[in-house]
Amino acid sequence: SAVISQKPSRDICQRGTSLTIQCQVDSQVTMMFWYRQQPGQSLTLIATANQGSEATYESGFVIDKFPISRPNLTFSTLTVSNLSPEDSSIYLCRVGTYNEQFFGPGTRLTVL
Amino acid sequence: QKEVEQNSGPLSVPEGAIASLNCTYSDRVSQSFFWYRQYSGKSPELIMSIYSNGDKEDGRFTAQLNKASQYVSLLIRDSQPSDSATYLCAPTGNQFYFGTGTSLTVIP
C-alpha cells in the first residue's frame, strides 16, 4: 500500500484567510482525490486532482474556493480560500488505483 | 453524487456477537465495493473489497454482494470492542462516493 502524508495535520485559522494542504505519496499514483469530512458526517468528494490539467470539481464545490494543484503523480495541494467557520472540517486526500484506495491521515481545520 | 445508503445506527452488539452492517446503492453500474473502517479522529482504513456476487471472507469479516438487489453487507463475527468504529461502504471505480456510515459499538 502507498504511504501518504498530509501537511499540516491540523491548523487553526482566522476567517477570511486561506489554508493550503499538501498531500504527498511515496509512489506514483494515477488517481488522487480530495474529500471533506464535517463533524459527525461522512466523507464528501470535493474534486479529482488531475495531473497536468485543471481539477474536476463535484457539484457544490468551485475552483475559486478550493483551488487544487497537481504538478506530478506524487503530490497535490488543496487550498481552502476565504475561510469561514463553516469550513471547519477534516480534509483528506485519497490515492490509488481502481482496486486499491487509501486515505491520507487528514488535516483538521478549525476556523475562528 | 451517486446514492449509497447505510443505516447510520448507532448499532450496538455485545462482545462475541455477529454485527451486520448493510449498504444499498442506486447506481446499477456499480459492480464492486469497498468497506472502510473509521475510528474516531482517524482517517478511513480499507478493510474489505468485493468484486463479484456472493460472499468474500477475510478472517472475522465477511462481505456479501447481491447485485440484483443492489445490496452489499459486511458481517463481523466474534465482535470485539476494538471493532467499535464507523463503517463506510463505497462503490469502487475512478471516483466513488461514500455512504453515510454506520456507527458500531461492541459492548464488553
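Residues numbered from 1 in each chain as written. Chains lettered and ligands numbered in written order. Predicted model: local features only at pLDDT ≥ 70, side-chain atom pairs only at ≥ 80, totals over all residues. Heavy atoms only, no water.

J.: Please explain the overall build of chain A as it appears in this structure.
T.: Within chain A, the secondary structure is distributed over zero helices and 11 strands. Mapped in sequence order, the helices and strands of chain A form the string β-β-β-β-β-β-β-β-β-β-β. Relative to its length of 112 residues, chain A is compact, with a C-alpha radius of gyration of 13 Å against a globular reference of 13 Å. Going through the 112 residues of chain A one by one, you find that 51% of them count as buried. For chain A, long-range pairs separated by at least 24 residues make up 54% of all intrachain contacts whose partners lie at least 6 apart in sequence. Summed over all atoms, the accessible surface of chain A reaches about 5,300 Å², with 48% contributed by carbon and sulfur. Charge separation in chain A, taken as the distance between the mean sites of 8 positive and 8 negative side-chain charges, equals 6 Å. (Helix = DSSP H or I, 4+ residues; strand = E, 2+ residues; numbered from the N terminus. Rg over C-alpha atoms; globule rule 2.2 N^0.38 Å. Buried < 20%, exposed > 50% of the residue type's maximum accessible area, 1.4 Å probe, protein only. Contact = heavy atoms within 4.5 Å. Areas by Shrake-Rupley, 256 points an atom, 1.4 Å probe, with all protein chains shown as cover. Lys, Arg positive; Asp, Glu negative; His and termini not counted. Charge placed at Lys NZ, Arg CZ, Asp CG, Glu CD.)

J.: Just to check I follow, could you spell out the overall build of chain B for this structure?
T.: Secondary structure summary: chain B contains zero helices and 10 strands in total. Ordering the α and β elements of chain B from the N terminus gives β-β-β-β-β-β-β-β-β-β. A compact globule built from 108 residues should have a C-alpha radius of gyration of about 13 Å, and chain B, at 13 Å, falls within 12% of that. Considered along the principal axes of its C-alpha atoms, chain B spans approximately 40 × 30 × 20 Å. Considering chain B as a whole, with its 108 residues, one finds that 45% of them fall into the buried category. Expressed as a percentage of contacts within chain B between residues at least 6 apart in sequence, the contacts between residues at least 24 apart total 52%. For chain B, the accessible area works out to roughly 5,000 Å², and carbon and sulfur atoms hold 48% of it. Across chain B, the centroid of the 8 positively charged side chains sits 5 Å from that of the 10 negatively charged ones.

J.: How should the packing of aromatic side chains be read in this particular structure?
T.: Each aromatic ring pair is described using two quantities: the centre-to-centre distance and the angle formed by the ring planes. With the rule as written, the count across this model stands at eight aromatic pairs over all chains. Ring geometry for F103 of chain A against F98 of chain B: centres 5.6 Å apart, planes inclined by 50°, an arrangement best described as tilted. Of this pair, F103 of chain A sits in strand β10 (residues 101–103) while F98 of chain B sits in the loop between β9 (85–91) and β10 (102–107), which puts the two residues in different chains. Per residue, the accessibility class of F103 of chain A equals that of F98 of chain B, and both read buried. With 6.0 Å between their ring centres and 75° between their planes, F34 of chain B and Y36 of chain B make a pair best called edge-to-face. The two residues F34 of chain B and Y36 of chain B agree in class, both being buried. (Phe/Tyr/Trp six-rings, centres within 6.5 Å; stacked < 30°, edge-to-face > 60°.)

J.: Would you mind showing me how to read the pattern of salt bridges here?
T.: A side chain with one charge can pair with a side chain of the opposite charge if their charged atoms come near. Residue and element names in this part refer to chain B. Under the definition given, this model contains four salt bridges over all chains. Between E57 and R77 there is a salt bridge, and its shortest N-O distance comes to 3.4 Å. Of this pair, E57 sits in strand β6 (residues 54–58) while R77 sits in the loop between β8 (71–76) and β9, placing them 20 residues apart in sequence. When its relative accessible area of 59% is taken as the criterion, E57 is described as exposed. The shortest N-O distance in the salt bridge between R60 and D83 comes to 2.8 Å. One end of the pair, R60, is in the loop between β6 and β7 (61–66); the other, D83, is in the loop between β8 and β9, with 23 residues separating them in the sequence. (Salt bridge = Lys/Arg side-chain N within 4 Å of Asp/Glu carboxyl O.)

J.: What's the story with the nonpolar core in this structure? I'm lost.
T.: Among soluble globular proteins, nonpolar side chains are generally buried collectively. Counting 26 residues, the largest nonpolar core has W34, I46, F66, I68, L78 and Y91 of chain A as the members making the most contacts within it. Going through the elements one at a time, β3 (19–25), β4 (31–37), β5 (43–48), β8 (75–80), β9 (89–96) and β11 (107–111) of chain A are the ones with two or more residues in this core. When residues no more than four places from it in sequence are discounted, the contact partners of I46 of chain A are W34, Y35, R36, T56, Y57, E58, F61, F66, L78 and Y91 of chain A. With 22 residues, the next largest nonpolar core counts V4, A63, L65 and L74 of chain B among its residues. (Core = buried A, V, L, I, M, F, W, Y, C linked by side-chain atoms within 4.5 Å.)

J.: I'm lost on the sheet that holds strand β1 (residues 4–7) of chain A in this one. Help?
T.: In sheet architecture, strand pairing relies on hydrogen bonds along the backbone and comes in two forms, parallel and antiparallel. Residues and elements named next belong to chain A. The antiparallel open sheet is built from four strands, whose spatial order is β1-β3-β8-β7. Each having just a single partner strand, β1 and β7 (68–72) make up the two edges of the open sheet. Sheet twist, expressed as the average angle between the axes of neighbouring strands with direction ignored, equals 15°. Judged from the six bridges that link them, β3 and β8 form a sheet pairing that is antiparallel. Bridged to L19 within β8 is V80. (Pairing = 2+ DSSP bridges. Axes fitted to C-alpha atoms, helices over the stretch in contact; angles between N-to-C directions.)

J.: Is there a simple way to explain unusual backbone geometry in this structure?
T.: Negative phi is the rule for most residues except glycine; trans is the rule for most peptide bonds. Cis geometry is adopted by the peptide bond preceding P8 of chain A, which originates at K7 of chain A and carries an omega value of -10°. With respect to the secondary-structure elements, P8 of chain A resides in the loop between β1 and β2 (10–13). A positive phi angle, near 55°, is found at Q70 of chain B, a position not held by glycine. When you line up the elements, Q70 of chain B lands in the loop between β7 and β8. Classification of Q70 of chain B as buried rests on a relative accessible area of 11%.

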